[in-house]
Amino acid sequence: MLELLSRPAPEVAPRLLGSLFGHRTAEGSVVLRITEVEAYGGPDGSDLPDPGAHTWRGRTARNASMFGPPGHVYVYFTYGMHHAVNLVCRPEGTAGGCLLRAGEVVEGVPLARARRAAGRSGPVPDAALARGPGNLAKALGIDLTHDGAPLTAGDAAAPGFFLRLPGPGDAPAAGRGPRTGVSGPGGTPEFPWRWWLPGEASVSPYRAAVPRRRR
């Protein structure tokens, strides 16, 4: 696992499709099969500059986890309401990560459903439990307290996070295109760094960034 995660995110991201990613807490375990992922690179002037990444302007207290070591998670809070989780890539000191955009919940569906139902008036369909990065993090019970937490290589019984990669020859065919909702050059076809499993109901629809209007 660490050998793969030590590589640049655009190499890692498609290899994550079909992997099992899980989070075990005191409430129980939720495990999903990754169906959609985006790759993010490093600062301006680095070997993999990415204007769509949180790391574009350099290292800060908020994005420090994206600078390594690999095999950890980077969690951030966005739009004042959503958490999102990335798997950190590349050797320590070199920024990179893969945003988990969507997955199919394969274990812990009742717990994921209960977490997603909070504040809603109706039930959430199973296919939508982890559709979109904010919903994925909520279904897994992830928040900012988990930023920088380590991954284990497939031990679903241990507390915390685990990642189980597909076996040799099991890598599924993937779709590829621009990242969704990313503004500026980072959201253009110049950065086709979003991969997904075609035909999967859990995959979120592509949306181009909406330009912000000045008041």
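Here, every reference points to the structure presented above.
The notes below deal with the structure included here. (Residues numbered from 1 in each chain as written. Predicted model: local features only at pLDDT ≥ 70, side-chain atom pairs only at ≥ 80, totals over all residues. Heavy atoms only, no water.)

**Here's the deal with the overall build of the chain**
Phase 1: Secondary structure assignment for the chain yields 4 helices and 9 strands.
Phase 2: Starting at the N terminus and ending at the C terminus, the chain contains elements arranged as α-α-β-β-β-β-β-α-α-β-β-β-β.
Phase 3: Counting only C-alpha atoms and orienting by the principal axes, one finds that the chain spans roughly 45 × 45 × 35 Å.
Phase 4: Split into buried and exposed, the 215 residues of the chain put 47% on the buried side. (Helix = DSSP H or I, 4+ residues; strand = E, 2+ residues; numbered from the N terminus. Buried < 20%, exposed > 50% of the residue type's maximum accessible area, 1.4 Å probe, protein only.)

**Structural notes on helix α2 (residues 9-16)**
An α-helical segment advances 3.6 residues per turn. Residues three or four places apart therefore align on the same side.
Phase 1: For α2, the full list of buried residues reads Ala9, Pro10, Val12, Ala13 and Leu16. Projection of α2 onto a plane perpendicular to its axis shows the buried side chains occupying an angular sector of 155°, all on one side.
Phase 2: If you follow the buried residues of α2, they end up packed against α1 (2-5), β2 (28-40), β4 (82-88), β5 (97-107), β7 (160-164) and β9 (194-196).
Phase 3: Phi turns positive, to about 85°, at Gly18, one or two residues after α2. (Arc of directions from axis to C-beta. Contact = heavy atoms within 4.5 Å.)

**Concerning the side chain of Ser29**
Phase 1: Along the polypeptide, Ser29 turns up in strand β2.
Phase 2: In terms of polar contacts, Ser29 uses its side chain to reach the side chain of Arg24, at 3.3 Å. (Polar contact = N/O pair within 3.5 Å; in protein donor to acceptor, adjacent residues only side chain to side chain.)

**Things to note about the environment of Val73**
Phase 1: Positionally, Val73 belongs in strand β3 (residues 73-78).
Phase 2: In this structure the C-alpha to C-alpha distance between Val73 and Leu197, which are 124 residues apart in sequence, comes to 22 Å.
Phase 3: Among all residues touching Val73, those that are not within four sequence positions of it are Ser65, Val85, Asn86, Leu87, Val88, His146, Asp147, Gly148, Ala149, Leu151 and Phe161.

**A look at the packing of aromatic side chains**
We describe a pair of aromatic rings using the distance from one ring centre to the other and the angle between the two ring planes.
Phase 1: Per the stated rule, a full pass over the model turns up 3 aromatic pairs.
Phase 2: Centre to centre, the rings of Tyr74 and Tyr76 are 5.6 Å apart; their planes meet at 35°, and the pair counts as tilted.
Phase 3: Overall, Tyr74 belongs to the buried group, its relative accessible area being 1%.
Phase 4: The class of Tyr76 is buried, set by a relative accessible area of 12%.
Phase 5: Where Phe191 meets Trp193, the ring centres are 5.1 Å apart and the plane angle is 85°; that geometry is what we call edge-to-face.
Phase 6: Take Phe191: its relative accessible area is 8%, and that puts it in the buried class. (Phe/Tyr/Trp six-rings, centres within 6.5 Å; stacked < 30°, edge-to-face > 60°.)

**Some words on the packing of helix α3 (residues 109-117) against helix α4 (residues 133-140)**
Phase 1: The contact between α3 and α4 brings their axes to 7 Å, and the two run at 120°. It follows that α3 is oblique to α4 by the angle criterion. In this structure, the crossing between α3 and α4 has a hand that is right-handed. Of the residues in α4, those in contact with Ala112, Arg115 and Arg116 of α3 are Asn135, Lys138, Ala139 and Leu140.
Phase 2: Class assignment for the residues of the contact of α3 with α4 results in 3 nonpolar, 1 polar and 3 charged. (Axes fitted to C-alpha atoms, helices over the stretch in contact; angles between N-to-C directions. Parallel < 35°, antiparallel > 145°, perpendicular 65-115°, else oblique. Left-handed = near helix turned anticlockwise from the far one by under 90°. Nonpolar A, V, L, I, M, F, W, Y, C, P; charged D, E, K, R; others polar.)

Interpretation note: all reported values are geometric properties and have no functional meaning in isolation.
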